[in-house]
Amino acid sequence: MLALNAPPGQDPVRQPFVHYRCHCNHANSHSSKSGNASEGAGTTPSAEPGTGTGTGSGQGSDNRDAMNIDDASKSQPASPTQEQPSSQTETSDTTRPSSALVLAGQQPGEASSSFQPQNETDKALYSSGNHSDTHGSIPLSRLYFCDSCDELRCPKCVQDEIVCYYCPHCLFDAPTASVKTEKHKCSRNCFYCPLCQATLSVVSEDPDATLYQSNPTDNAQYYLLCNMCLWNSQDIGVTFDKPLSLTAQLQKDDEALPDVREFARLKDHFEKYFRSTKSSLPSYLASPSYSTGYSSTSRYLSSVTSTLSSHRTQQADDIAHYTPAVQVMESTENLEKLMSIVSIKETTTMKQRLMALQSQSYSPQRLQPQRIHLRIKKLRRCRSCRHILVKPDQKGNSFGFKINLIALNQLPNITIVSIQRPMIVQTASQVILRFTNPRHEEAHVSLQYGDGASPSHGVAIRSPSFSISPFNEVWEYEVGTIAAPPGATMEDVYERTANSTCIALDITPAVAGEVK
Amino acid sequence: MTRQKLTISSRALVCQDNDLRGDITVGTGTVLHPQCKVWALGGSIIFGSGNIVEENAEIINRGPETLFIGDNNVFEVGSKMEGAKIGSRNTLEVRSQVKSGTWVGDECVIGAVCSTNENEILSDRTVIYGAKNERRIFTGNRTV
């Protein structure tokens, strides 16, 4: 939004909407160095419970500290409005959520006084994807609400854990025990096309074979076909007798490769020496799977060097000389072929090569179909109280959630209905906000000014505390607005419909510029 | 208002709400689904046998020469054919485009939302696939 005095047509008009700030340390650590980029960005949320109770005070003191830091670093009378929903549930009226929501309503500074190192704002800017707020505010749709802490949780103050592994193609739930031995890949008939990385389908040469006989004959060869680029595995000579458990059939071919057999022979040769000295080492040598991650290789290396050094001192001449069974020849054939390439099609692309990390061949004829990687489902926990916020279903092919504590279902959603444009300096203009209550109980909202600023700073809230009616599914199908239920107290609200309430704010800009 | 000449062979199917303009000859067994467009603006269009032109497909001939469409082609939903020549047993998948002046051979597959370039000659059995319109010549069978 641009206040007048700015040249017209400068920025594309973006629909403004409301962002929220979380209390967690990630946002707060950047808040203390606020300043330039956001024209005196508002304070971090500092919600004290209005009629404070003992349970809320612990949170409150942290927030007050954050607020004090902000005051010291800034010198401008920025006055964002803050709201604190204190939803009064039927069960408890002692605990109050002290989540603070910051609404854009701050004034642009004159020449802003405090400069700050640019990289810190960049960090905060990009952490939430919201470029207009250095504190990294997030829309309500990405926030969670922890029931036991009564706090908002942003995506940075939750921790993830793995629930299950599933194949994205056949939607098969891989049992967690076998995931590691299968190298996190699907162990059924799922492959990636080596050329275009689409999924391959298993087809038979004679599609009518099963019509005429009860069992498919042995002559009915099965092969893999890519539906996107029409690559088929007959080009590389891979055919199958049965259409089931193809990965097992391919794995047998894999193990016959010369380099895999060479590794097995090396392992056998050195195993007898290491087994005699250290007991911890053979666990790395004995596992056939290739090394997994930094930690195992570093431990392996350190243990190898330690045993080798011990060998040097003790049994240096005990290791027999190892003659490799396969002679690796210096072949220039690859080089010559690469130098004689005419068109780019004769060699593989980086993406094709990196799909098959073991071989990484340069020629497209030697690319093999790769097994499909498994995907995971994650659950999210609150970092402080370790309760689960979001837990998806255990089955791979269902996308529901067993537990889904998202903020949209708990807190009122704030949207901007209308803004009186253009905003002229020194004149009051009206902004209308709508609060929508998603819960089945009534919610009471009280608004506060940021930093305890007064209405003289340019923002006037006409209805500082109001209530929102509960959500009722029946009303969703009614057309038109519904009058307030009888018995509700009439406060000075702008409009009240089924489960939402609109209030009006009067904003008087002090200086021309951008309003956030 | 151009004078329209429409020749429909036996066993062909032309629907009432087809948008047809110009000289069009429809071969045997060819089916023009409802809501498709066949515009023979510059020159006439001659269909072979057994073609399938699905809904919202557009076949437009602006050039002065006749557009000969071969046999057993499939023009899937939303595809656009503005080329100059097309052979037999091709498939233009959903929302694909053959740009003007292009010659398409036999048994080609233009993938979904893929398009050719203008004034291009596609050899037989060309597959155009992927977001970047990559192509290759395929061997073996297609399970059609």
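Residues numbered from 1 in each chain as written. Chains lettered and ligands numbered in written order. Predicted model: local features only at pLDDT ≥ 70, side-chain atom pairs only at ≥ 80, totals over all residues. Heavy atoms only, no water.

Going by an unreviewed UniProt entry, chain B carries the name Dynactin subunit 6 and comes from Lunasporangiospora selenospora. Under Subcellular location (unreviewed entry), UniProt gives the following word-for-word description of chain B: "Cytoplasm, Cytoskeleton". (UniProt positions renumbered as here; feature names shortened; annotations may be inferred.)

The name given to chain A in an unreviewed UniProt entry is Dynactin subunit 4, and the organism recorded there is Lunasporangiospora selenospora. The UniProt entry for chain A carries the following text under Sequence similarities (unreviewed entry): "Belongs to the dynactin subunit 4 family."

Visitor: Explanation requested: the overall build of chain B in the structure shown.
Guide: Check the secondary structure of chain B and you find 0 helices and 20 strands. Expressed as a percentage of its 144 residues, the buried residues of chain B come to 41%. Counting only contacts in chain B whose residues sit at least 6 apart along the sequence, the fraction spanning at least 24 positions is 1%. Surface accessibility of chain B: about 7,200 Å² in total, with carbon and sulfur atoms responsible for 49%. (Helix = DSSP H or I, 4+ residues; strand = E, 2+ residues; numbered from the N terminus. Buried < 20%, exposed > 50% of the residue type's maximum accessible area, 1.4 Å probe, protein only. Contact = heavy atoms within 4.5 Å. Areas by Shrake-Rupley, 256 points an atom, 1.4 Å probe, with all protein chains shown as cover.)

Visitor: When you look at the interface of chain A and chain B in this model, what are you seeing that I'm missing?
Guide: The extent of an interface is frequently quoted as the accessible surface area lost upon association of the parts. Taken residue by residue, the interface counts 12 residues in chain A and 12 residues in chain B. A combined buried area of about 990 Å² lies between chain A and chain B, and 52% of that area is made up of carbon and sulfur atoms. Of all residues in chain A, Met 228, Cys 229 and Leu 230 of chain A bury the most surface against chain B, accounting for 43% of the area lost on that side. At the boundary of chain A and chain B, one finds 0 salt bridges. At the junction of chain A with chain B, the criterion picks out 3 residue pairs in polar contact (both at pLDDT 80 or more). Its residues assigned to classes, the side of chain A that touches chain B shows 9 nonpolar, 1 polar and 2 charged. (Buried area = accessible area lost by both parts, 1.4 Å probe. Salt bridge = Lys/Arg side-chain N within 4 Å of Asp/Glu carboxyl O. Polar contact = N/O pair within 3.5 Å; in protein donor to acceptor, adjacent residues only side chain to side chain. Nonpolar A, V, L, I, M, F, W, Y, C, P; charged D, E, K, R; others polar.)

Visitor: Would you mind showing me how to read a nonpolar patch on the surface here?
Guide: Together, Met 350, Leu 354 and Leu 357 of chain A line one region of the surface with nonpolar side chains, adding up to about 310 Å² of accessible area. Tracing the chain through its elements places Leu 357 of chain A in the loop between helix H11 (350-355) and strand S10 (370-371). (Patch = residues over 30% accessible without salt bridge, like charges linked within 9 Å, V, L, I, M, F, W, Y side chains within 5 Å.)

Visitor: Just checking my understanding: could you explain the pattern of salt bridges for this structure?
Guide: Opposite charge on two side chains makes pairing possible when the charged atoms of those side chains draw close. Residue and element names in this part refer to chain B. Within the structure shown, the criterion is met by 11 salt bridges over all chains. A salt bridge links Arg 135 to Glu 120, with the nearest nitrogen and oxygen atoms 2.2 Å apart. Here Glu 120 lies in the loop between strand S17 (109-110) and strand S18 (121-122) and Arg 135 lies in strand S20 (residues 134-137), a separation of 15 residues in the sequence. Comparing Arg 135 with Glu 120 shows no difference in burial state: the two are buried.

Visitor: Explanation requested: the environment of Glu 54 of chain B in the structure shown.
Guide: All names here are of chain B. Counting through the fold element by element, Glu 54 comes out in the loop between strand S8 (52-53) and strand S9 (58-61). Non-local contacts of Glu 54, meaning those with residues more than four positions away in its chain, are made with His 33, Cys 36, Val 74, Phe 75, Glu 76 and Val 77. Looking at Glu 54, its side chain comes within polar contact range of the main-chain nitrogen of Val 77, at 3.4 Å.

Visitor: Mind showing me how you'd approach helix H6 (residues 246-255) of chain A here?
Guide: Owing to its 3.6 residues per turn, the α-helix brings residues three or four apart onto one side. Residues and elements named next belong to chain A. Of the residues making up H6, those classed as buried are Leu 246, Thr 247, Gln 249 and Leu 250. Each buried residue of H6 sits inside an arc of 160° when the element is viewed along its axis, so together they form one side. Looking at the buried side of H6, the elements it contacts are strand S7 (191-192), strand S8 (200-204), strand S9 (222-226) and S10. (Arc of directions from axis to C-beta.)

Visitor: Explain the environment of Gln 97 of chain B here, please?
Guide: Residues and elements named next belong to chain B. Here Gln 97 is to be found in strand S15 (residues 97-98). Among the residues examined, Gln 97 registers a relative accessible area of 30% and is labelled partly exposed. Spatially, the C-alpha atoms of Gln 97 and Ser 79 are 5.8 Å apart, while their sequence positions differ by 18 residues. Setting aside anything within four residues of it in sequence, one finds Gln 97 in contact with Lys 80, Ile 110, Cys 114, Ser 115 and Thr 116.

Visitor: Looking at this structure, I do not really get the environment of Ile 121 of chain B. What am I missing?
Guide: With respect to the helices and strands, the residue Ile 121 of chain B is situated in strand S18. Residues Ile 121 of chain B and Gly 105 of chain B, 16 residues apart in the sequence, show an inter-C-alpha distance of 7.8 Å.

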